[in-house]
Amino acid sequence: MPVTRARLLVMNAALGPLDYRVPEGMAVEHGSVVVAPLGPRQVTGIVWEEERLPSDRVPDEKLRPLLGMLDVPPIRAELRRLIEWTADYYVAPMAAVARMVIASGGALRGPATMTEYRLTGGAPERMTAQRQRAIEALEGEQATIRELSGIAGVSEGVLRGLVNHGVLEPVEVDVDRPYPRASADHHLPDLSAEQREVAGRLVEAVEARAFAPILIDGVTGSGKTETYFEAIGAAIAEGRQVLVMLPEIALTEAFLGRFEERFGALPVVWHSSLKSTERRRAWRAIASGEAQVVVGARSALFLPYANLGLIVVDEAHEISFKQDDGVRYNARDVAVMRARFEGIPVVLASATPALESLHMADTGIYEKLVLPSRFGGAQLPDIKLVDLTEEKPGSGAWIAPPLRAALIDRLEKGEQSLLFLNRRGYAPLTLCRHCGFRFQCPNCSAWLVEHRLSRRLACHHCGHETAPPGKCPECGEPDCLVACGPGVERIADEVAEMLPEARVAVVTSDTLNSPEKAAEFVAMAEAKAIDVIVGTQLVTKGFHFPELTLVGVIDADLGLEGGDLRAAERTYQQVAQVAGRAGRGAKPGEVLIQTRHPEAPVIAALEAGDRDAFYEAETDARRYAGAPPFGRWAAIIVSSEDEREAREAAQRLGSTRPHLDDVQVLGPAPAPMALLRGRYRFRLLLNAKRSAELQQVIRVWLSGVEHPPGVRIGVDIDPYSFV
Ligand SMILES: [Zn+2]
Ligand SMILES: [Zn+2]
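J.: Quick question: what am I supposed to make of the packing of helix α15 (residues 567–579) against helix α17 (residues 611–625) here?
T.: When two helices pack together, their arrangement is captured by the angle between the axes and the distance separating the axes. In the contact formed by α15 and α17, the axes pass within 10 Å of each other and the chain directions differ by 165°. For the element pair α15 / α17, the angle class is roughly antiparallel. Of the two elements, α15 crosses α17, and the hand of that crossing is left-handed. In this structure, α15 contributes A568, E569 and Y572 to the contact, and α17 contributes R611, F614, E618 and R622. Classifying every residue of the contact of α15 with α17 by side-chain character gives three nonpolar, no polar and four charged.

Okay, structure coming up:
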């Protein structure tokens, strides 16, 4: 039956649902993406089921007609349900979630072409040096004028001249030209018996076409990727789409290489730094079903797949799957919900699964598949503690004698070492030796971190930067600034001083900030052009260097400081992951962990290689604290550019707190990051029993309090960071 009225979810969080008349001849259905008039302006909206989007009913005669329907497939019911669920669970506006679905404005404009240029083989009437150079450089190239200008190293004007002379000719290209096809059996792998068993079960799950949450719990180096590649192959063979989510874009490059080798073509990549033409091409291919496999960051989760058959979340324990602004969702958890709505399997792969995921497996909600040994007979590394209270590094140094000796030994043998410290830059704090002045961010409650390689002091929260001054800004004393504590750059300096002949590479999000740089680093490490890698959490996963036999953890206690509820788990995961980089080839690996607290349960469990003991202790601690998975947390952040306004709003909210048996409200108190990006922040924490209707409690509570327009209220359900 044709729809004659349409209720729209409009792409503007400030507006509620709006009703329109469907003009005759417009074949609108639920999920259609349409354009509607709004006063003198236009809005984009998705046609929704009226009963699921309650609003006051406007009489037919008062409705304005829709302006048009966009040339994209309707948003499917499964995805509409996911939008509703996500908005409801994370207490976020539905429009904000829907905007992550309609993630490319360009894609909505329908098919498009662009003009590229190529050489005709002709010569200009008048040859110049520039023209000559361009003609030589552009042999075999076809691209836009701007891109050709980059390739040839001449101005766009020179190239336009060549177009006028008939030397370059225009070619109309479909912006959304098809992607190369992946083939399920391009290069079949040689799997171990254990891998074959896991792969077999995954393939079965894909073919069953039913919801199945599966946890692959496999030690580092056990070949998890190869096993889920078989499931991807099965989905490709059945003509269904696959989404693979990776925690870091820097990891994509290595993944792409392995993927291409196995399937004969690259997958479609989705992340926030795609160019707008690449974005629209990917979005339209995903929506039409043409994109076979999509590899992306968490934002790829909400795209409108036409025919999804499998979701894989790799390194599923990673905290970067949690988004901390806008809609504060956890992509790992939403991936499971999406699989449920789609009726498909979802695979969470990790060597150090989150406690919540293990708990789901233990209670039978997730199926657990185990890969207990390393592929090709490689052994798990030998782990030793270095007690920093006994083995002291020299003054101004952070590498203790045992680690130093091990580094020298590896260098002599021509093997590689990796030093791990989860701190970017040179030093986390700079102060004046004369007056004690500390460099602080003007917009945040945070110290400025010195980056010596790029000669700046930077805030890691808001991006504020300043050049390091020659004298103290407070007392004016010259040459009195001292760096306090180490960052990776400082450790690299220490290594360079200790081993002047060693080739040292610093690997952080500052140095590996593009897929090209990541590929360059991998190539150098594989070619043994690097002796010592000094890196942050970026090096803890994904990389596979057979000649790397020593891992040194500079400060295992770092993660344990601070009040984060998952601190112990995160420390365990990071150190276990980085330890997993050692000895992945034929040579055995050694791991040295520097600590001042060898007796701490997490450190002792790492030394003993006793994962079960760690998880048991952590489970008890969480149960006692009413923390996930046994209880639930939520944070409400009240912020304003005006400190008094923020405080008063937080107090107002606090004074109307609900009094319930199963929800406890703590605060308000200044947030640990009391100032962030120029906004003053106060925090209320909620700790709830699992039985509580936590989201409903929060919605009712917040809706009863009014605030001035400068106040923002942010809700974080299942928060990861308590700052
Ligand atoms: Zn000073
Ligand atoms: Zn800042």
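J.: Help me out: how do you make sense of the coordination of the zinc ion (ligand 1) in this one?
T.: When a metal holds four donors in a tetrahedron, each ideal angle between them is 109.5 degrees; when it holds six in an octahedron, the ideal angles are 90 or 180 degrees. The protein atoms donating to the zinc ion (ligand 1) are C432 (SG), C435 (SG), C472 (SG) and C475 (SG), with metal-donor distances spanning 2.2 to 2.4 Å. Its four donor atoms give the zinc ion (ligand 1) angles of 107 to 111° at the centre, a pattern that matches the tetrahedral case. Positions of the donor residues of the zinc ion (ligand 1), expressed as sequence spacing, correspond to C-x2-C-x36-C-x2-C. Since its relative accessible area comes to 32%, C475 is described here as partly exposed.

J.: Help me out: how do you make sense of the environment of G45 in this one?
T.: One can find G45 in strand β4 (residues 41–48). Looking at G45, the relative accessible area reads 0%, which means it is buried. Sequence spacing of G45 and Y89 is 44 residues, and the spatial spacing of their C-alpha atoms is 22 Å. In contact with G45, not counting residues within four places along its chain, are L8, L9, V10, S32, V33 and V34.

J.: Please explain the pattern of salt bridges as it appears in this structure.
T.: Two side chains bearing opposite charge may form a pair once their charged atoms approach each other closely. Taken as a whole, this structure holds 51 salt bridges when the rule is applied. R456 serves as the salt-bridge partner of D510, at 3.7 Å between the closest nitrogen and oxygen. With D510 in the loop between β22 (504–507) and α14 (515–526) and R456 in strand β19 (residues 456–458), this pair connects stretches of sequence that are 54 residues apart. The exposure class assigned to D510 is partly exposed, which follows from its relative accessible area of 24%. Between D718 and R632 there is a salt bridge, and its shortest N-O distance comes to 4.0 Å. Taken together, the residues D718 in the segment after β29 (712–717) and R632 in strand β26 (residues 631–640) connect sequence positions 86 residues apart. For the pair shown, D718 and R632 are each scored as buried. Each of the salt bridges in this network shares a partner with another, and the network as a whole consists of D382, K384, D409, R410, K413, E415 and E590.

J.: Where do I start with the coordination of the zinc ion (ligand 2) in this structure?
T.: Those donors, C441 (SG), C444 (SG), C459 (SG) and C462 (SG), are the protein atoms that reach the zinc ion (ligand 2), and they lie 2.2 to 2.4 Å from it. Coordination at the zinc ion (ligand 2) is tetrahedral: its four donor atoms span angles of 101 to 113° at the metal. On the primary sequence, the residues serving as donors to the zinc ion (ligand 2) are separated as C-x2-C-x14-C-x2-C. Remark: C462 occurs in the loop between β19 and β20 (465–466) and C444 occurs in the loop between β17 (429–432) and β18 (449–451); sequence separation between them is 18 residues.

J.: So what exactly am I meant to see when it comes to the packing of aromatic side chains here?
T.: Here the structure, examined in full by the defined rule, presents 15 aromatic pairs. Between F229 and F259 the ring centres are 5.9 Å apart and the planes differ by 90°, which places this aromatic pair in the edge-to-face class. Of this pair, F229 sits in helix α7 (residues 224–237) while F259 is found in helix α8 (residues 252–263), placing the two residues 30 residues apart along the sequence. Neither F229 nor F259 differs from the other in exposure class; each is buried. Consider the rings of F437 and F439, whose centres lie 5.1 Å apart with planes at 80°: the pair is edge-to-face.

J.: Whenever I open this one, the sheet that holds strand β24 (residues 548–553) confuses me. Can you help?
T.: Consider a sheet: its strands pair through backbone hydrogen bonds, and that pairing is either parallel or antiparallel. One open sheet holds the six strands; their spatial order is β15-β25-β24-β16-β23-β22, and the pairing between them is parallel. The sheet terminates laterally at β15 (382–387) and β22, the two strands that pair on one side only. When the angles between neighbouring strand axes are averaged without regard to direction, this sheet yields 20°. As paired strands, strand β16 (residues 416–420) and strand β23 (residues 532–535) are joined by four bridges and run parallel to one another. Note that in β23 the partner of L419 across the bridge is V534. Packing of helix α16 (residues 601–608) onto the sheet brings it into contact with β15 and β25 (590–595), and relative to β15 it is tilted by some 140°.

J.: How should the nonpolar core be read in this particular structure?
T.: Note on soluble globular proteins: their nonpolar side chains tend to be buried together. Residues F521 and I698 are the most contacted members of the largest nonpolar core, which totals 125 residues. In this structure F521 touches V507, L512, I530, I533, F543 and F545, once residues within four positions along its chain are discounted. V206, I232, I236 and V242 belong to the second largest nonpolar core, which has 30 residues in total.

Scoring rules and cut-offs
Residues numbered from 1 in each chain as written. Chains lettered and ligands numbered in written order. Predicted model: local features only at pLDDT ≥ 70, side-chain atom pairs only at ≥ 80, totals over all residues. Heavy atoms only, no water. Axes fitted to C-alpha atoms, helices over the stretch in contact; angles between N-to-C directions. Helix = DSSP H or I, 4+ residues; strand = E, 2+ residues; numbered from the N terminus. Parallel < 35°, antiparallel > 145°, perpendicular 65-115°, else oblique. Left-handed = near helix turned anticlockwise from the far one by under 90°. Contact = heavy atoms within 4.5 Å. Nonpolar A, V, L, I, M, F, W, Y, C, P; charged D, E, K, R; others polar. Donors = N, O, S within 2.8 Å, 3.2 Å for Na, K, Ca; no water. Tetrahedral: all angles 85-135°; square planar, octahedral: opposite > 155°, others 65-115°. Buried < 20%, exposed > 50% of the residue type's maximum accessible area, 1.4 Å probe, protein only. Salt bridge = Lys/Arg side-chain N within 4 Å of Asp/Glu carboxyl O. Phe/Tyr/Trp six-rings, centres within 6.5 Å; stacked < 30°, edge-to-face > 60°. Pairing = 2+ DSSP bridges. Core = buried A, V, L, I, M, F, W, Y, C linked by side-chain atoms within 4.5 Å.

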